[in-house]
Amino acid sequence: LCSSMPLLDTLKNVYMKGIADWMPVGFAFAIMGACLGHIYTVSHGAEAVGRKLFTLWGPTEKMSRNRRVLASLVTMSVMQAILTFTGVSGTVVLLTSVPIAKAFGRAADIPDRYLPAMTMSPGASAAMAAPCAPTIGNITASALLETSAAAGLLGGFCGFFAVFAAGNVYLYRLISKDPERREDSKDMEEEKTVYPEFWQAFIPLAVIFVTYSLLRWDIMVSLTAGILLALALMRQAIPGRGGRKYTETLNLGFRNGT
């Protein structure tokens, strides 16, 4: 209406045609990324990765409260960046991270009001626009401009690390100076949930990143390989019995994507 372009012709032949051109790339990626994220949610694979990264900081009981806060924030950011760099769509990364943020919040004695900020961590925010990340924005640009996933590598990663560092420093200063404490704080190891091994959860993610970013496979092929590997390696952690648990997991994952 404001550009003086013919309304119906622009809607039919420009806007709708653009959507049709985008669907094979963006919509298909969103469905596959949601399915992968659902598998990592129901199997607790994302939590297994986060918990393993957290233990690298040392025994929880021997860390000061400020060190536990720093460990929680950085681990949350790294874990979300890994998920984003391996094809899990941004919205699904946030939903998958909710139970992890709660567990880290208890471990580090972080008040609940900071959990939304942890769930939308600087790692996820930075990775969404970073080079080599199979996000909808990057995939669409690569398809239309015929560029590689690593286009703008230096500048892109400088921006990624700037957002990653500044966001975590800001959150750390807020939380560490806050006198409020949680009433339900406890060690993460007290929970009775059964988690897959770290390597079982990490291998499918590594395969997706290597095949898409380094070997330049089509993103759909990379995500399919990652989904099948995740189902195979973490099968013991996926709820349900027999072959039905795989079909139910995939059906719900694809439905979430639509």
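What you are looking at is a predicted structure, and each value in this text was computed from that prediction instead of being measured.

**Q** Break down the nonpolar core for me, with residues and values.
**A** The biggest cluster of nonpolar side chains holds 48 residues, and the ones touching the most others in it are Tyr40, Met79 and Met118. Mapped onto this core, the elements with two or more residues apiece are α1 (7-42), α2 (45-55), α3 (65-85), α4 (90-108), α5 (115-119), α8 (153-176), α9 (198-214) and α10 (219-233). Contacts of Met79, omitting those with residues within four sequence positions, involve Ala46, Val49, Gly50, Leu53, Ser97 and Ile100. In this structure, Phe85, Ala130, Cys132 and Phe164 belong to the second largest nonpolar core, which totals 9 residues.

**Q** Kindly report on the packing of α1 against α10, identifying the contributing residues and their values.
**A** Closest axis-to-axis distance for the α1/α10 pair is 10 Å, and the angle between their directions is 20°. Classified by the angle their axes make, α1 and α10 are roughly parallel. Between α1 and α10 the crossing geometry is left-handed. On the side of α1, the interface is formed by Ala28, Phe29, Met32, Gly33, Cys35, Leu36, Ile39 and Tyr40, while α10 contributes Ile219, Met220, Leu223, Thr224, Gly226, Ile227, Ala230 and Leu231.

**Q** Help me get a handle on the confidence of the model for the protein, residues and values and all.
**A** Low pLDDT means the predicted coordinates in that region are not meant to be read closely. For the protein, per-residue confidence averages 88 on the pLDDT scale, and residues scoring 70 or more make up 96% of the total. Mean pLDDT values for the elements of the protein range from 80 in helix α7 (residues 136-145) up to 94 in α8.

**Q** So what about the side chain of Asn168? Which residues, and what values?
**A** With respect to the helices, strands and loops of the structure, Asn168 is situated in helix α8. Judged by relative accessible area, which is 6%, Asn168 ranks as buried. Excluding residues within four positions of it along the chain, Asn168 makes contact with Leu73, Val74, Ser77 and Pro122.

**Q** Quick one: what's the story with the packing of aromatic side chains, residue by residue and with numbers?
**A** Tallied over the entire structure, the rule returns 9 aromatic pairs. Between Phe85 and Phe209, the aromatic rings sit 6.3 Å apart at their centres with planes inclined by 80°, giving edge-to-face as the arrangement. Here the residue Phe85 occupies a position in helix α3, and Phe209 occupies one in helix α9, the gap between them amounting to 124 residues. With centroids separated by 5.1 Å and ring planes inclined at 75°, the aromatic side chains of Phe160 and Phe161 adopt a geometry described as edge-to-face. The class for Phe160 is buried, based on a relative accessible area of 8%. By relative accessible area, which is 52% here, Phe161 ends up exposed.

**Q** I'd like a description of the layout of surface pockets, backed by residues and values.
**A** Reported here for the largest pocket is a volume of approximately 290 Å³. Surrounding the largest pocket, 16 residues form its lining, Ser142, Tyr212, Trp217, Asp218 and Ile219 being those nearest its centre. In terms of residue count, α7 provides more of the lining of the largest pocket than any other element does, 3 residues in total. Residues belonging to the lining of the largest pocket are distributed by class as follows: 10 nonpolar, 4 polar and 2 charged.

**Q** Give me α8: which residues, what numbers.
**A** Counted at 1.5 Å a residue, the expected span for α8 with its 24 residues is 34 Å, and the 34 Å between its end C-alpha atoms agrees. Taken as a whole, α8 has its buried residues at Phe160, Phe164, Gly167, Asn168, Leu171 and Ile175. In this fold, the buried residues of α8 make contact with α3, α5 and α6 (122-127).

**Q** Account for α4, with residues named and values stated.
**A** Along an α-helix, residues three or four apart share an orientation, since each turn contains 3.6 residues. With 19 residues, α4 ought to run about 27 Å at 1.5 Å a step, and its terminal C-alpha atoms sit 25 Å apart, in line with that. The complete set of buried residues in α4 reads Val92, Val93, Thr96, Ser97, Ile100, Ala101, Ala103, Phe104, Gly105, Arg106, Ala107 and Ala108. Residues of α4 that are buried sit in contact with α1, α2, α3, α5 and α6. Note on α4: the residue one or two positions beyond its end, Asp109, has a positive phi of about 60°.

**Q** So what about the packing of α3 against α4? Which residues, and what values?
**A** Axis separation between α3 and α4 bottoms out at 10 Å; the angle between their running directions is 165°. Judged on the interaxial angle alone, α4 and α3 are roughly antiparallel. Note that α3 runs across α4; the crossing there is right-handed. In this structure, α3 contributes Arg65, Arg68, Val69, Ser72, Thr75, Met76, Met79, Gln80, Leu83 and Thr84 to the contact, and α4 contributes Val93, Leu94, Ser97, Ile100, Ala101, Phe104, Ala107 and Ala108. Among the residues making up the contact of α3 with α4, the classes are represented as 11 nonpolar, 5 polar and 2 charged.

Cut-offs applied
- Each chain has its residues counted from 1, running along the sequence as written.
- pLDDT decides what is reported in this predicted model: residues at 70 or higher carry local features, side-chain atom pairs at 80 or more are listed and counted, and totals for whole chains, interfaces and linings draw on all residues regardless.
- Neither water nor hydrogens contribute to the side-chain values; these are computed over all heavy atoms in the structure.
- Joining through side-chain atoms within 4.5 Å is the link that ties buried Ala, Val, Leu, Ile, Met, Phe, Trp, Tyr and Cys residues into a set, and such a set is a nonpolar core.
- Burial status follows relative accessibility: with a 1.4 Å probe on protein chains alone, a residue under 20% of its type maximum counts as buried, one over 50% as exposed, and anything between as partly exposed.
- Only DSSP runs of H or I covering at least 4 residues are called helices, and only runs of E covering at least 2 are called strands; the numbering of each starts at the N terminus.
- Residue contacts are counted whenever heavy atoms from the two residues lie within 4.5 Å of one another.
- Convention adopted: a line fitted to C-alpha atoms gives each axis, helices being fitted over their contacting stretch, and angles between N-to-C directions are expressed from 0 to 180 degrees.
- Put simply, angles under 35 degrees are roughly parallel, angles over 145 are roughly antiparallel, angles from 65 to 115 are roughly perpendicular, and the rest are oblique.
- For any helix crossing, the convention is left-handed if the near helix is rotated counterclockwise from the far helix by under a right angle, and right-handed if that rotation is clockwise.
- In predicted models, pLDDT denotes the confidence assigned by the predictor to each residue on a 0 to 100 scale.
- In summary, the pairing rule links any two rings of Phe, Tyr or Trp, Trp by its six-membered ring, whose centres are within 6.5 Å, and it sorts them by plane angle into stacked for under 30 degrees, edge-to-face for over 60 and tilted for everything else.
- Think of a 1 Å grid over the protein atoms and nothing else: a 1.4 Å probe that fits but is trapped marks a cavity, an open set flanked by protein within 12 Å on at least five of seven lines marks a pocket, and residues with an atom within 4 Å of a point count as lining.
- Grid points are joined across faces, edges and corners, and a volume is the space filled by probe spheres set on the points.
- Three categories are distinguished: nonpolar for Ala, Val, Leu, Ile, Met, Phe, Trp, Tyr, Cys and Pro, charged for Asp, Glu, Lys and Arg, and polar for the others, with Gly belonging to the last.
- Expected span of a helix: the number of residues minus one, times 1.5 Å.

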